[in-house]
Amino acid sequence: MSLLPTRSPSKQYMTNEFKAQMERINNCTHCNHCKNHCPYGLDTPNLRKYMLGEYHQFYAEHA
């Protein structure tokens, strides 16, 4: 995801709807359900928080 907005047309990532979907990451309770079920063993909650930070930076640069 971190490279997706920079390597594809960015207009679709600048909508209010997309931003609202990204902000849902803030609702994560860190229950680790997704982490425990990840077939790749990723730390999904922290990865999602990181990606939200990347998105905020991208949005600030392109808004």
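Scroll up for the structure.
What counts and what doesn't
- Residues numbered from 1 in each chain as written.
- Predicted model: local features only at pLDDT ≥ 70, side-chain atom pairs only at ≥ 80, totals over all residues.
- Heavy atoms only, no water.
- Helix = DSSP H or I, 4+ residues; strand = E, 2+ residues; numbered from the N terminus.
- Buried < 20%, exposed > 50% of the residue type's maximum accessible area, 1.4 Å probe, protein only.
- Contact = heavy atoms within 4.5 Å.
- Core = buried A, V, L, I, M, F, W, Y, C linked by side-chain atoms within 4.5 Å.
- Disulfide = S-S within 2.5 Å.

(A) Looking closely at the side chain of Thr44. Turning to its location among the elements, Thr44 is positioned in helix H4 (residues 44-62). Under the relative-accessibility criterion, Thr44 is labelled buried at 17%. If sequence neighbours within four positions are ignored, Thr44 has contacts with Cys34, Lys35 and Cys38.

(B) Representation of the nonpolar core within the structure. One finds Tyr13, Met14, Met22, Ile25, Leu52, Tyr55, Phe58 and Tyr59 forming the largest nonpolar core, which totals 8 residues. At 4 residues, the largest contribution of residues to this core is made by H4. Here Met14 is in contact with Phe58, Tyr59, His62 and Ala63, once residues within four sequence places are set aside.

(C) Main features of the state of the cysteines. All told, the structure shown has 0 disulfides when counted by the stated rule. Between Cys31, a cysteine without a disulfide, and Cys34, which holds the nearest cysteine sulfur, the sulfur-to-sulfur distance is 6.3 Å. The thiol of Cys34 is not disulfide-bonded; the next cysteine sulfur, from Cys28, is found 5.9 Å away.

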